[in-house]
Amino acid sequence: MKRTSRALVAYSSSEDEAPADAPEKKKKKLPSLASSLIVPVPLDDPALHQGRVRAIPHVEGQYAAYVYIPLALHPGTALYSLVDEVLHATKEMVPAAHVIGEIVSSSRNSGGLVVNSSRRVRELHLSLTRPIFLRAHQREEFKQAIKLIASRRTPFQASFATFSELTNDERTRAFLSLEVGAGHNELRDLLSALSPTLQSLRQRDFYSQPRFHVSIAWVLLDPDTSVNGNADTRRHPRTYKGLIAVEGTSDNNLTSDGDIGESNKHFQVECFPRVPQFPSELIPTLNRRFGARVSCAHIGGFEVDTIVVKIGKDIFSWPFQGSRIT
C-alpha cells in the first residue's frame, strides 16, 4: 500500500507576526509581601556573641540540641567558693578569659541605675552528647527517648578529679574545665543508653574516649597562631574587632561597606582578644593551688540525679526515677 506524503506546514514565529513599530509591553509589578510573611534569616554576627562564630550554618526547620547533666552551684557552698577562687586566679593570668555559668541578679531604680546586685546560682553543664541537629518532627521522639532513659536510671554520686584545658572540634575556643573522676563509669553507661537513639536519628555518638567535665571559663583561639607557640597571652593578645549597637539604636547608621559613618554616634568598636592557647603554666598552677580541694569528695562531689535536653531555645528536664540500691 502506497503511503501518501503530507507536506509540512510552516508556521511563522511571533517575531514575524508582530509589527516592527509595535510598542513594548510593560511588565506588571508583583505586589510586595507583607512583612509578617517574611521569615527573618538569622545573622551570624560574632560581635553579638563575644566573638564566637556559628560552627554549623543555620538551616530553616532544623533545631540544634544537646543532652547534659546540670550542676547548680549555690552561693555559700564549698564548691561555689572554690570555683570563684579558681576563676579569680584564671582572670589574673588570662584577662581574656570569659566566665561560664555566672548568673547575676540586679534591680534598677526609676532612672535605670543598678541599685542592688546579688549573686545567684551558678549553673554548669556536663555534656553527654555533641551538638546534634533535629528536624521539627524529630523533637518529640527525641524528648520521649530521653525521658525513658531518665525513668530507668538511678541517682549516683560523682566528683571532680583535676583541672584541664579542652578545645572544641573546630579549634575556635579553648575551655578551662573540671574533669570528673568518680562517677565516670556511670556516665559511660548513660552514653550507652543514648547511643541507639542518636544512631536512629543519624547523629554522631559522643567521643569514644570521653573526658566528662564541666567548663568554667573559655577563650577565643587565634587561628593564625601555632598551637605550640609561646606567645604571651596576657601582654600580646590578638583581637577580633566587631561592632556592637548601644541600646536604642539600629544598624541603619552603618555605611554601605560596614564602616562606622561619621554621623554615627551610637555604635562602638568592641575588641575580642584571641590567644594561641591558655598559658602553659595555667593548668599546673591551678592543680597545685586547688587540686587537693577539688578532688576532695566533700568539696568536689555532687549528685547526678537529673538529665536535661535543650532543643533550640527550649529546655526539658527529667529526674532519675530508678530505685536506689541500699
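Residues numbered from 1 in each chain as written. Predicted model: local features only at pLDDT ≥ 70, side-chain atom pairs only at ≥ 80, totals over all residues. Heavy atoms only, no water.

Engineer: Please set out the packing of aromatic side chains residue by residue, giving values where relevant.
Structural biologist: Summed over the entire model, instances satisfying the criterion amount to five aromatic pairs. When the centroid spacing of 6.5 Å and the interplanar angle of 15° are considered together, the rings of F316 and W318 count as stacked. By relative accessible area, which is 14% here, W318 ends up buried. The residue whose ring lies beneath R139 is Y63, and the NZ or CZ to ring-centre distance is 4.2 Å. Taking the ring centre of W218 as reference, the NZ or CZ of R173 above it sits at 4.7 Å. (Phe/Tyr/Trp six-rings, centres within 6.5 Å; stacked < 30°, edge-to-face > 60°. Buried < 20%, exposed > 50% of the residue type's maximum accessible area, 1.4 Å probe, protein only. Lys NZ or Arg CZ within 6 Å of the ring centre and 35° of its normal.)

Engineer: Which residues make up the pattern of salt bridges, and what values go with them?
Structural biologist: A complete count under the given rule lists six salt bridges for this structure. For K143, the salt bridge goes to E140, with nearest N and O atoms at 3.2 Å. Placement of both K143 and E140 in helix α3 (residues 139-151) is noted, with a separation of three residues, approximately one turn of the helix. By relative accessible area, which is 16% here, K143 ends up buried. Between E179 and R211 there is a salt bridge whose closest N-O contact spans 2.6 Å. With E179 in strand β8 (residues 173-180) and R211 in the loop between α4 (184-200) and β9 (213-221), this pair connects stretches of sequence that are 32 residues apart. A relative accessible area of 42% places R211 in the partly exposed class. (Salt bridge = Lys/Arg side-chain N within 4 Å of Asp/Glu carboxyl O. Helix = DSSP H or I, 4+ residues; strand = E, 2+ residues; numbered from the N terminus.)

Engineer: Account for the nonpolar core, naming residues and giving values.
Structural biologist: Judged by nonpolar contacts, the single largest core of 60 residues is most densely connected at I69, L126, L128, F142, F160 and L187. The biggest single contributor to this core is helix α2 (residues 78-93), with eight residues. Once you skip the residues sitting within four places of it in the chain, I69 turns out to touch L124, H125, L126, L128, L187, L190, V304, T306, I307 and F320. (Core = buried A, V, L, I, M, F, W, Y, C linked by side-chain atoms within 4.5 Å. Contact = heavy atoms within 4.5 Å.)

Engineer: Run through the confidence of the model for the protein chain, naming residues and quoting values.
Structural biologist: Confidence in the prediction of the protein chain, expressed as mean pLDDT, is 77, and 62% of residues score 70 or more. Of all the helices and strands in the protein chain, strand β10 (residues 238-245) carries the lowest mean pLDDT, 38, while helix α5 (residues 282-294) carries the highest, 97. Per-residue pLDDT stays below 50 along residues 45-52; that stretch engages in 21 contacts with residues further than four places along the chain or on separate chains. Within the model, pLDDT remains below 50 along residues 226-270, and this stretch shows 69 contacts once partners closer than five positions in the same chain are excluded. (pLDDT = per-residue confidence, 0-100.)

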